Amino acid sequence: MNLVFLGPPGAGKGTMASRLAEEMGIPHISTGDMFRAAMAKGTELGLKAKAIMEAGDLVPDELTIAMVRERLQESDAQNGYILDGFPRTIPQAEALHGFATIDRAVRFEVAEESLVKRLSGRRVHKPSGRIYHVEFSPPKEPGKDDVTGEPLIQRDDDKEEAIRNRLKVYHEQTAPLVSYYEAKGILTTIDASPEPDTVYESLKKALA
Ligand code: AMP
């Protein structure tokens, strides 16, 4: 099954995508993670993306589309995948439509006021991508990954000013994708405001 996860930053797409991908044995393809990996490696793409991401703006469509097109050609993506954070603009969705068949777009709906709280409390274990929240999903030991004990970090774009900009960009450029996938008849909306286990159950029901 080829899935697209849609929703504002902080809706829990990444958490749900990594859990579902593991259960289904398909890759979780997060364009944000791919850009962060490119930045960490210091590749040309990473250098181009760095300042844009730190401000919470969008990386240009042509770079993002080329990266995803290439990723979907890899062997592990031939039996399904979850796209998390892509597409984020109508041109990206149209390009995707030209080189992939999407079975379902799942929209994660959360009240705006919860998003800032979720994002500002988010902490990440960089090597594994494991996601925690200081209040809602804390690690066993504060500031440390449960599995490795390594330090957790706060993403630069999870700081207040970048968060506000990311939400603005979401409303202007990404929210129109809801109608795009609705018109194609493949949109499913789930309530992503409850705690993670409940959201995961709704997600599985929605896809059953
Ligand atoms: P995310 O981890 O999905 O919140 O993405 C973090 C940042 O990566 C975004 O704020 C953008 O700067 C960039 N990014 C991720 N996915 C895309 C995309 N599909 N189009 C453009 N920029 C993206």
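The preceding data block contains the structure.
What comes next concerns the included structure. (Residues numbered from 1 in each chain as written. Predicted model: local features only at pLDDT ≥ 70, side-chain atom pairs only at ≥ 80, totals over all residues. Heavy atoms only, no water.)

1. Focus: unusual backbone geometry
Glycine aside, residues mostly have negative phi, and peptide bonds are mostly found in the trans state.
Okay, step 1: The peptide bond linking Phe-86 to Pro-87 adopts the cis configuration, its omega dihedral lying at -5°.
Okay, step 2: Turning to its location among the elements, Pro-87 is positioned in the loop between β3 (81-84) and α5 (90-99). (Helix = DSSP H or I, 4+ residues; strand = E, 2+ residues; numbered from the N terminus.)

2. Details of the sheet that holds strand β7 (residues 187-191)
Across a sheet, strands are paired by hydrogen bonds formed along the backbone, either parallel or antiparallel in direction.
Okay, step 1: Spatially, 5 strands are ordered β2-β3-β1-β4-β7 in an open sheet, and the strand pairing comes out parallel. The open sheet has two edge strands, β2 (28-30) and β7, and neither has a second partner. Each adjacent strand pair in this sheet contributes to an overall mean axis angle of 25°, direction not counted.
Okay, step 2: Sheet analysis places strand β1 (residues 2-6) next to strand β4 (residues 104-109), joined by 4 bridges and oriented parallel. Within β4, the residue paired with Val-4 across the bridge is Ala-105. (Pairing = 2+ DSSP bridges. Axes fitted to C-alpha atoms, helices over the stretch in contact; angles between N-to-C directions.)

3. A look at the packing of aromatic side chains
Okay, step 1: Applying the stated criterion to the full structure yields 2 aromatic pairs.
Okay, step 2: Relative to Phe-108, the ring of Phe-5 has its centre 4.9 Å away and its plane inclined at 55°; by these criteria the two rings are tilted. Of the two residues, Phe-5 sits in strand β1 while Phe-108 sits in strand β4, which places them 103 residues apart along the sequence.
Okay, step 3: Ring geometry for Tyr-180 versus Tyr-181: centroids 5.0 Å apart, planes at 85°, classification edge-to-face.
Okay, step 4: Since its relative accessible area comes to 2%, Tyr-181 is described here as buried.
Okay, step 5: The cationic tip of Arg-19 hangs over the ring face of Tyr-200; the distance from NZ or CZ to the ring centre is 4.2 Å. (Phe/Tyr/Trp six-rings, centres within 6.5 Å; stacked < 30°, edge-to-face > 60°. Buried < 20%, exposed > 50% of the residue type's maximum accessible area, 1.4 Å probe, protein only. Lys NZ or Arg CZ within 6 Å of the ring centre and 35° of its normal.)

4. What to know about the site of the ligand
Okay, step 1: Lining the immediate surroundings of the ligand are 16 residues, of which Thr-31, Arg-36, Asp-57, Gly-85 and Gln-92 lie closest.
Okay, step 2: Backbone polar atom of Asp-57 to an oxygen atom of the ligand: 2.5 Å apart, as the coordinates give it.
Okay, step 3: Surface burial for the ligand is 96%, taken as the share of its 480 Å² of free accessible area covered by protein chains.
Okay, step 4: Among the elements that line the shell around the ligand, the one with the most residues is helix α2 (residues 31-41), at 4 residues.
Okay, step 5: The class makeup of the residues in the shell around the ligand is 5 nonpolar, 5 polar and 6 charged. (Near = heavy atom within 4 Å. Polar contact = N/O pair within 3.5 Å; in protein donor to acceptor, adjacent residues only side chain to side chain. Areas by Shrake-Rupley, 256 points an atom, 1.4 Å probe, with all protein chains shown as cover. Nonpolar A, V, L, I, M, F, W, Y, C, P; charged D, E, K, R; others polar.)

5. Description of the packing of α2 against helix α4 (residues 61-71)
The relative placement of two packed helices comes down to the angle between their axes together with the axis-to-axis distance.
Okay, step 1: It is at 11 Å that the axes of α2 and α4 come closest, and there the two elements cross at 100°. In terms of orientation, α2 and α4 fall into the roughly perpendicular class. Every residue of α4 that contacts α2 at Thr-31, Met-34 and Phe-35 is listed here: Thr-64, Met-67, Val-68 and Arg-71.
Okay, step 2: Split by residue class, the contact of α2 with α4 holds 4 nonpolar, 2 polar and 1 charged. (Parallel < 35°, antiparallel > 145°, perpendicular 65-115°, else oblique. Contact = heavy atoms within 4.5 Å.)

6. Here we look at the pattern of salt bridges
Okay, step 1: Here the structure, examined in full by the defined rule, presents 18 salt bridges.
Okay, step 2: Notably, a salt bridge pairs Lys-48 with Glu-44, separated by 3.5 Å at the nearest N-O pair. You can see Lys-48 and its partner Glu-44 sitting in helix α3 (residues 44-55), 4 residues apart, about one turn around the helix.
Okay, step 3: Linking Asp-76 and Arg-71 is a salt bridge whose minimum nitrogen-to-oxygen distance equals 2.8 Å.
Okay, step 4: Note on Asp-76: relative accessible area 39%, which makes it partly exposed. (Salt bridge = Lys/Arg side-chain N within 4 Å of Asp/Glu carboxyl O.)

7. Re the pairing of β4
Okay, step 1: In the sheet, β4 pairs with β7 via 5 bridges, with the strands oriented parallel. Its bridge partner lying in β7, Phe-108 is registered against Ile-190.

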